[in-house]
Amino acid sequence: MISYGRQDISEQDIEAVIAILRSDWLTQGPAITRFEQTVADYCGVKHAIAVSSATAALHIACLASGLGDRDLLWTSPNTFVASANCGLYCGAKVNFVDIDPHTYNLSIDELEKKLTKAAKQKCLPKVLIPVHFAGQSCEMEKIAALSQQYGFKVIEDASHAIGSKYHGKAIGCCEFSEMAIFSFHPVKIITTGEGGMILTNHQDLYEKLMRLRSHGITRNPDLMQGESHGAWYYQQLDLGFNYRMTDIQAALGTSQMQRLDEFVTRRRYLAQRYDRLLQDLPITLPYQHSDTESSWHLYVIRLNLDKINKTHRQVFEELRESGIGVNLHYIPVHIQPYYQDIGFQSGDFPEAERYYQDAISIPLYYGLTNKEQDIVIDSLQKILS
Ligand SMILES: *Cc1c(COP(=O)(O)O)cnc(C)c1O
C-alpha cells in the first residue's frame, strides 16, 4: 500500500534521539529550548513554545487569548476536529465559516458577511482560527484587517503549513496573527512522533503559554505575587496542564528541521508532477493563490462526477483496492455526530459539504518515489477512464 502521507526518519535523526537517551535529561530540558529556537529562527518570530501536540497547542492558545464560557470561536468546517474542539475545551461556543470553492480555506467573503451579521446581533467571535489547508496560507492580510475592524484575535492553525510562505515570509512569523500553531504528528511536514508548537511575537502571551504548558506554575520571581520563599519556591498562577514535550521528541524535531527545506522542495516537485501528469483526467487539481507558496502537506483532487461513470465512493474504494492509500480531508466538522448534537445540521455549510462529496487526498510525501507516483497516476487513469 502506498500511503497518503508518512514520515521520513534518517540515521541522523536516530543518532539525535539516542544522544538524548544517553544524556541527563529526558523530559523538558535543553533540547526543548534548542528546538524552539530553531523553529523561531526559521519562522522569523520572537517566541516558540513546544508542547505535546497541536491539539494541546490550540487549547492553551485559546486560553491565553482569554477565550471563556461567554465567548465564541469561529473556524473552518474543512479541518481536523481539533481546530474546533479547542473552543469547546474552554467552554466557548463554536461556529464555522464556509470555505472558498478554490482554495478550500475559509472564505473571506463568507467571513465578512458573517461578521456584519454578528455585529448587528452583538455576537461577534473573540477568536478566529483560520486553517492553512493542505499547506496553503489563508488570506491573512484580509483576515488581519477584519480582526482590527471587529476586534477578534487570530490563531493560525498552521498544522499543515510549516515550511510554507505567505507574501514571501515564512508561515509562523505571526505578522498577521496573535499566534500560530504547528503539528509534528508523523503525517505532517516534519515530525516529533507527537508534538506541537505555538509561535508568537507577544511577550505576555509567551509567559502565559509557558505557564499553561506546565501546571500554571512559574519559578520566575519577577512574575510572582509577593516575595519568593527561597530557591525551592514556585507559584501556581493559573490552572495549567502537563502539556510538555520531551527532550527525546525535541531532539528528533531539531534534527528534522535541518531537512525541512529539502522536504518541502521534494513535495513541491511531486505536486507539480501531479499537476502536469493528471491534467487530462476528469478531475479538478489543487488551485494555488499567487500570494502563497505551499509546503504541500496534502494533494487533493476533486472528481468531476458528471464526467465519470462511478460514484465518489467507488473511485475511492477502487483506488484503495489497487494499493493506493488515498484518504479524505476532511469530513466537515459540523456534520460529526457530536457537533450535530450541539445544534449543527447538514446544509449549514454547503461549500464544505459539496467538497466532501468529491474530494480525495492522493499520496504525497517526501519519500514517495517517481515510480510510486507513476503507479498512483496509472491507477487513477485506469479507474477514471
Ligand atoms: C493534525 C492536525 C491537528 C492536530 O494535531 P495533533 O498534533 O495531532 O494534535 C490540528 N489541526 C489540523 C488542521 C491538523 O491537521
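Higher on the page you've got the structure.
What counts, and at which threshold
Residues numbered from 1 in each chain as written. Predicted model: local features only at pLDDT ≥ 70, side-chain atom pairs only at ≥ 80, totals over all residues. Heavy atoms only, no water. Near = heavy atom within 4 Å. Polar contact = N/O pair within 3.5 Å; in protein donor to acceptor, adjacent residues only side chain to side chain. Areas by Shrake-Rupley, 256 points an atom, 1.4 Å probe, with all protein chains shown as cover. Helix = DSSP H or I, 4+ residues; strand = E, 2+ residues; numbered from the N terminus. Nonpolar A, V, L, I, M, F, W, Y, C, P; charged D, E, K, R; others polar. Axes fitted to C-alpha atoms, helices over the stretch in contact; angles between N-to-C directions. Parallel < 35°, antiparallel > 145°, perpendicular 65-115°, else oblique. Left-handed = near helix turned anticlockwise from the far one by under 90°. Contact = heavy atoms within 4.5 Å. Core = buried A, V, L, I, M, F, W, Y, C linked by side-chain atoms within 4.5 Å. Buried < 20%, exposed > 50% of the residue type's maximum accessible area, 1.4 Å probe, protein only. Expected span 1.5 Å × (residues − 1). Arc of directions from axis to C-beta. Pairing = 2+ DSSP bridges. Right-handed = clockwise from strand over helix to strand, strands pointing away.

Q: In this structure, what is going on with the site of the ligand? I would like to understand it.
A: Around the ligand there are 15 residues in total, and Thr55, Asp157, His160, Ser183 and Lys188 lie nearest to it. In this structure, a nitrogen atom belonging to the ligand sits 3.3 Å away from a side-chain N or O atom of serine 159. Between an oxygen atom of the ligand and a side-chain N or O atom of lysine 188, the distance comes to 3.0 Å. Relative to its unbound accessible surface of 380 Å², the ligand loses 93% to contact with the protein. Listing elements by their share of the shell around the ligand, those giving two or more residues are helix H3 (54-64) and helix H4 (82-89). Looking at the shell around the ligand, its residues break down into five nonpolar, eight polar and two charged.

Q: Would you mind showing me how to read the packing of H3 against H4 here?
A: For any two helices packed against each other, the geometry comes down to the angle between their axes and how far apart the axes lie. It is at 9 Å that the axes of H3 and H4 come closest, and there the two elements cross at 40°. Between H3 and H4, the angle is such that the two are oblique. H3 and H4 meet at a crossing whose hand is right-handed. Between H3 and H4, the residues in contact are Thr55, Leu58, His59 and Cys62 and Ala82, Ser83, Cys86 and Tyr89, respectively. Broken down by class, the residue content of the contact of H3 with H4 amounts to five nonpolar, three polar and no charged.

Q: Sorry, what's going on with the nonpolar core here?
A: Nonpolar side chains in soluble globular proteins tend to end up buried together. Core analysis: the largest hydrophobic core is formed by 74 residues, its most contacted members being Leu278, Tyr299, Ile301, Ile360, Ile362 and Leu380. Sort the elements by how many residues they give to this core and H3 lands first, with eight residues. In this view, isoleucine 360 contacts Tyr299, Val300, Ile301, Leu303, His312, Val315, Phe316, Leu319, Val326 and Asn327; residues no more than four positions away in its chain are not counted. The next biggest cluster of nonpolar side chains, apart from the first, holds 48 residues, and it includes Leu106, Phe152, Ala251 and Phe263.

Q: Just to check I follow, could you spell out helix H5 (residues 108-120) for this structure?
A: Each α-helix winds once per 3.6 residues, and so residues spaced three or four apart point in a common direction. Taking 1.5 Å per residue as the helical rise, H5 with its 13 residues ought to reach 18 Å, and the 19 Å between its terminal C-alpha atoms agrees with that figure. When H5 is considered as a whole, its buried residues turn out to be Ile108, Leu111, Leu115 and Ala118. Looking down the long axis of H5, one finds its buried residues gathered within 85° of arc, a one-sided arrangement. In H5, the exposed positions that point more than 90 degrees away from the buried face belong to Asp109, Lys113, Lys117 and Lys120. The inward-facing, buried residues of H5 abut strand E3 (72-75), strand E5 (127-129) and helix H6 (140-150).

Q: Hey, could you run me through the pairing of strand E6 (residues 153-157) in this one?
A: Strand residues, when the strand is regular, have side chains that alternate between the two faces of the sheet. Burial analysis of E6 places four of its five residues in the buried class, the great majority of the element. Of the strand pairs in this sheet, E5 and E6 are connected by two bridges, and their pairing is parallel. Each residue of the ladder has a partner; that of leucine 128, found in E6, is valine 154. For the crossover from E5 across H6 to E6, the handedness is right-handed. Pairing of E6 with strand E9 (residues 179-183) involves three bridges; the strand directions are parallel. Following the sheet pairing, glutamate 156 is matched in E9 by alanine 180.

Q: What's the story with helix H9 (residues 260-277) in this structure? I'm lost.
A: The terminal C-alpha atoms of H9 lie 26 Å apart, and with 18 residues this matches the ideal 26 Å at 1.5 Å per residue to within 8%. Each element contacted by the buried residues of H9 is listed here: helix H2 (30-43), helix H8 (247-257), strand E15 (299-303), strand E17 (359-362) and helix H13 (370-384).

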